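# Breakdown of the fold
One letter stands for each residue in the lines below.
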Amino acid sequence: QKRTAKRKWYDVFDGHVSSPGEFLLIYVMIGAISIGAMIMLVVASTPKAIEDLTYKTLSFERYEVQDKNLRLYAETEPYYIIPAYGELMTNPEVFTSAVANGATFVVGCEYYDEADTPHYGIESIVGTDGIVYLSMDDVHEYRWGEARIAIGVFGFLAVFWIAYVA
């Protein structure tokens, strides 16, 4: 009898990997996740347009510090929050003193309708006397600084991944 040899498919790893398809899929996923995370971080750190914010003139009844965040409470609305206010604001003590003294502010904010805690995220605060307590540029610079670190980490992983695969 004549035996016919089975045709062997091309194996990138020359038989050294038991499941080359899964191996390649995992490497493609690692690269896609790294690049996707970098893109998401860049999009998330883009500045908000002035037109997209809601502007309100109000005074806050009280404030409280939770972790690094400053929560501000107005009379009848959900609370307002400034994340990492100590790093964002140039002089947070002056602002909290103005809040305690009943000052009125023009607040640029965005509403977040979260199920358990709806609130406003503050993007800018200007006193009615013209003092800028928090500018949109400061908020954008802070977000971009935070995103830059993560983009660097994911970028390093992507470069390392490409060098390893190639």
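Preceding this paragraph is the structure being described.
Here is a short report on the structure shown in this document. In this text, all values refer to a predicted model and were calculated from it rather than measured experimentally.

### Here we look at the pairing of strand β3 (residues 69-73)
Counting buried residues along β3, four of its five residues qualify, which places the element largely inside the surrounding structure. Both strand β2 (residues 62-66) and β3 contribute to a ladder of five bridges, which runs antiparallel. The partner of Arg62 across the bridge, within β3, is Tyr73. Between β2 and β3, which pair antiparallel in sequence order, lie two residues; one of them, Asp67, sits at a positive phi of approximately 55°. Pairing analysis gives three bridges linking β3 to strand β4 (residues 80-82), with the strands arranged antiparallel. Its bridge partner being in β4, Leu70 is matched across the sheet by Ile82. Hairpin connection between β3 and β4: a loop of six residues separates the two successive antiparallel strands.

### Side note on the side chain of Glu123
In this fold, Glu123 is placed in strand β6 (residues 119-127). Only 2.7 Å separates the side chain of Glu123 from the side chain of Arg143, close enough to count as a polar contact. Discounting chain neighbours no more than four positions away, the residues touching Glu123 are Lys48, Leu53, Gly108, Cys109, Leu134, Ser135, Met136, Val139 and Arg143.

Reading the values: rules and limits
- Residues numbered from 1 in each chain as written.
- Predicted model: local features only at pLDDT ≥ 70, side-chain atom pairs only at ≥ 80, totals over all residues.
- Heavy atoms only, no water.
- Buried < 20%, exposed > 50% of the residue type's maximum accessible area, 1.4 Å probe, protein only.
- Helix = DSSP H or I, 4+ residues; strand = E, 2+ residues; numbered from the N terminus.
- Pairing = 2+ DSSP bridges.
- Polar contact = N/O pair within 3.5 Å; in protein donor to acceptor, adjacent residues only side chain to side chain.
- Contact = heavy atoms within 4.5 Å.

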